[in-house]
Amino acid sequence: MFKKYQYLALAALCAASLAGCDKAGSFFGADKKEASFVERIEHTKDDGSVSMLLPDFAQLVQSEGPAVVNIQAAPAPRTQNGSGNAETDSNPLADSDPFYEFFKRLVPNMPEIPQEESDDGGLNFGSGFIISKDGYILTNTHVVAGMGSIKVLLNDKREYTAKLIGSDVQSDVALLKIDATEDLPVVKIGNPKDLKPGEWVAAIGAPFGFDNSVTAGIVSAKGRSLPNESYTPFIQTDVAINPGNSGGPLFNLKGQVVGINSQIYSRSGGFMGISFAIPIDVAMNVAEQLKNTGKVQRGQLGVIIQEVSYGLAQSFGLDKAGGALIAKVLPGSPAERAGLQAGDIVLSLNGEEIRSSGDLPVMVGAITPGKEVSLGVWRKGEEITVKVKLGNAAEHTGASSKTDEAPYTEQQSGTFSVESAGITLQTHTDSSGGHLVVVRVSDAAERAGLRRGDEILAVGQVPVNDEDGFRKAMDKAGKNVPLLVMRRGNTLFIALTLQ
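Calculation criteria
Residues numbered from 1 in each chain as written. Predicted model: local features only at pLDDT ≥ 70, side-chain atom pairs only at ≥ 80, totals over all residues. Heavy atoms only, no water. Helix = DSSP H or I, 4+ residues; strand = E, 2+ residues; numbered from the N terminus. Buried < 20%, exposed > 50% of the residue type's maximum accessible area, 1.4 Å probe, protein only. Contact = heavy atoms within 4.5 Å. Areas by Shrake-Rupley, 256 points an atom, 1.4 Å probe, with all protein chains shown as cover. Pairing = 2+ DSSP bridges. Axes fitted to C-alpha atoms, helices over the stretch in contact; angles between N-to-C directions. 1 Å grid on protein atoms, 1.4 Å probe; cavity = no way out; pocket = protein on both sides within 12 Å on 5 of 7 lines; lining within 4 Å. Points joined across faces, edges and corners; volume = space filled by probe spheres on them. Arc of directions from axis to C-beta. Phe/Tyr/Trp six-rings, centres within 6.5 Å; stacked < 30°, edge-to-face > 60°. Lys NZ or Arg CZ within 6 Å of the ring centre and 35° of its normal. Core = buried A, V, L, I, M, F, W, Y, C linked by side-chain atoms within 4.5 Å. Salt bridge = Lys/Arg side-chain N within 4 Å of Asp/Glu carboxyl O.

1. Focus on the overall build of the protein chain
Each helix and strand in the protein chain was counted, giving eleven helices and 30 strands. Relative to its full complement of 499 residues, the protein chain shows a buried share of 44%. Restricting to contacts in the protein chain with at least 6 residues of sequence separation, those with at least 24 account for 58%. For the protein chain, the accessible surface area stands at approximately 26,400 Å², while carbon and sulfur atoms represent 50% of it.

Laid out in structure tokens, this is it:
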């Protein structure tokens, strides 16, 4: 009986003491109050499970919902012809087509072909949220890009015309501004680094135009890298997100915004259990730059990187897989000027650990171009420090690989095999020197993933271009050998494990 009252007392204590400290420190002067919308009883039962009450999303929505807005973006007006009417042309051919006039003469009184038009007149529907009392709003770039007018609808039915302050395609973040005569409700900004997989989160938005819709779920994973999204470590959730949710906030259970709902993974066009949000710290960094300068600048190293697998970690002498492996240093880049090399593994930036290769471009991109950073680099079995002055990503888009892909005007010098590696190589010689091209693989080389036609550039960080150099480098490399390979114009490291 005594234990029963103990647990009840503990539950009451938890419910009364779960007010936290708001770390937001708003970029735009948001309030710093905070509430908690979950009660936890951290008592472990005999079977090892933990009792927990479900989140109270009703209170979260009541408290934070007023700062979420519905966005309607309309396209620019159509151009007018000489008679003052919007231009329409029933001729299905382009006016540059040689049969355009022929078609026009052949069917001069042809009735207009009805054009497919959506009921919404081409409007883009999305969501957003207010980050300052003077009317700054965050949303997605793809909601407002190319639109002529933007209307913002508040929770209390007030409507405003918004001005686009700026947008950033790479991060998919746009900053709007409305002019309101009264103070506006404002969201609280959280720290997405505190999020953990399995933690409850909620989204408020306007899916398919149904405003003030609430959905909830958990954080599935953090730091997701998506194709063509190098600068954003997405938060993956199973929160139901559909068209119209784009640009809306993702809340944690403290009522703080931790992300902007941006994308879904779907084969049907609708929600399939996987959605992605832009971390709010990334979005606020972009918003601050858009507000101050109207554009976004990102630092750049000028390297091509790849993930460090367990096999590559062993071949380079690392205790565990981690960091970003440099597969190529771009000519004329800050990395080249600083002395970085292919085969270097970047383990940290300014003392912050790089857990996976996707962390490096995100961390570098968040730093202002021109600043010097300190990289912890693993090179030839030891960690060194390399100082790099970052370039501007907008000015350096990467060196062309035409020299890598240039056709050989070569002479073939014969083939040789390295039985222990299961590899047969052919030596080619041209004006640039020797080249070792794979012609046959088996055993260890086949298991490693080497392919016929691959060109071996280096063993570890030792360049090789002939049989003698390759054999000597292999003898010194040991049982776990990192090979730098060129494949279809791209360079990558492959871990070769010898028996």
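2. So, the sheet that holds strand β3 (residues 68-75)
Judged by pairing direction, the barrel is antiparallel, and its six strands sit side by side in the order β3-β4-β5-β8-β7-β6 before closing back on the first. On average, adjacent strands in this sheet sit at an angle of 40 degrees to one another, irrespective of strand direction. On top of the sheet, helix α5 (residues 280-293) reaches β4 (124-130), β5 (136-139), β7 (159-168) and β8 (173-177); it is set at about 55 degrees to β8, its chief contact.

3. Description of the pairing of strand β10 (residues 200-205)
Across the six residues of β10, five count as buried, placing the element largely inside the fold. For β10 and strand β11 (residues 213-224), the ladder comprises six bridges, and the chain directions are antiparallel. Looking across to β11, one finds that V201 is bridged to G217.

4. Focus on the layout of surface pockets
In this structure, the largest pocket spans a volume of roughly 860 Å³. What lines the largest pocket is a set of 28 residues, and nearest its centre among them are K193, P233, D281, E352 and V362. Counting only elements with at least two residues in the lining of the largest pocket, the list comes to β11, β12 (234-237), α5, β20 (352-353) and α8 (359-365). In terms of residue count, the dominant contributor to the lining of the largest pocket is α5 (five residues).

5. Here's the deal with helix α2 (residues 57-64)
Of the residues making up α2, those classed as buried are F57, L60 and E64. Projected onto a plane normal to the axis of α2, the buried residues spread over an arc of 55 degrees and lie on a single side. Relative to its buried face, α2 has exposed residues pointing more than 90 degrees away, namely A58 and Q62. Looking at the buried residues of α2, the elements they touch are β3, β9 (188-189), β10, β11 and β13 (249-251).

6. Concerning the environment of V173
Following the sequence through the fold, V173 ends up in strand β8. What makes V173 buried here is its relative accessible area of 0%. Each C-alpha atom, one on V173 and one on G247, is 8.1 Å from the other, the two residues being 74 residues apart in sequence. Leave out the neighbours within four places in its chain, and V173 touches L138, T139, T141, S167, D168, I260, I278, A283, V286 and L290.

7. As for the packing of aromatic side chains
Each aromatic ring pair is summarised here by two numbers: the centre-to-centre distance and the angle between the ring planes. Inspection of the entire model under this criterion finds four aromatic pairs. Taking 6.2 Å as the distance between ring centres and 75 degrees as the angle between the ring planes, the aromatic pair formed by F234 and F276 counts as edge-to-face. With F234 in strand β12 and F276 in strand β15 (residues 275-279), this pair connects stretches of sequence that are 42 residues apart. The exposure class assigned to F276 is buried, which follows from its relative accessible area of 9%. The lysine or arginine in question, K177, covers the ring of Y136, its NZ or CZ lying 5.5 Å from the ring centre.

8. Topic: the nonpolar core
If you look at soluble globular proteins, the nonpolar side chains tend to sit buried side by side. Counting 27 residues, the largest nonpolar core has F129, I131, L138, V187, I260 and I280 as the members making the most contacts within it. Of all the secondary-structure elements, those providing two or more residues to this core are β5, β8, β14 (256-264), β15 and α5. Among the elements that take part in this core, α5 stands out by supplying seven residues, more than any other. If sequence neighbours within four positions are ignored, I260 has contacts with F129, L138, N140, V173, G247, G248, F276, A277, I278, I280 and A283.

9. A look at the pattern of salt bridges
According to the stated counting rule, one finds twelve salt bridges in the structure shown. Salt-bridge contacts for R158 lead to D156; the nearest nitrogen and oxygen are separated by 2.8 Å. On the basis of relative accessible area, R158 is assigned to the partly exposed category, the value being 22%. We note a salt bridge from R487 to D454, for which the minimum N-O separation is 2.7 Å. Taken together, the residues R487 in strand β29 (residues 480-487) and D454 in the loop between α10 (443-448) and β27 (455-459) connect sequence positions 33 residues apart. For R487, a relative accessible area of 15% gives the class buried. Overall, the relative accessible area of 2% leaves D454 in the buried class. Because the salt bridges share partners, they merge into one network encompassing D156, R158 and E182.

None of the figures reported here should be taken as evidence of function without further support.
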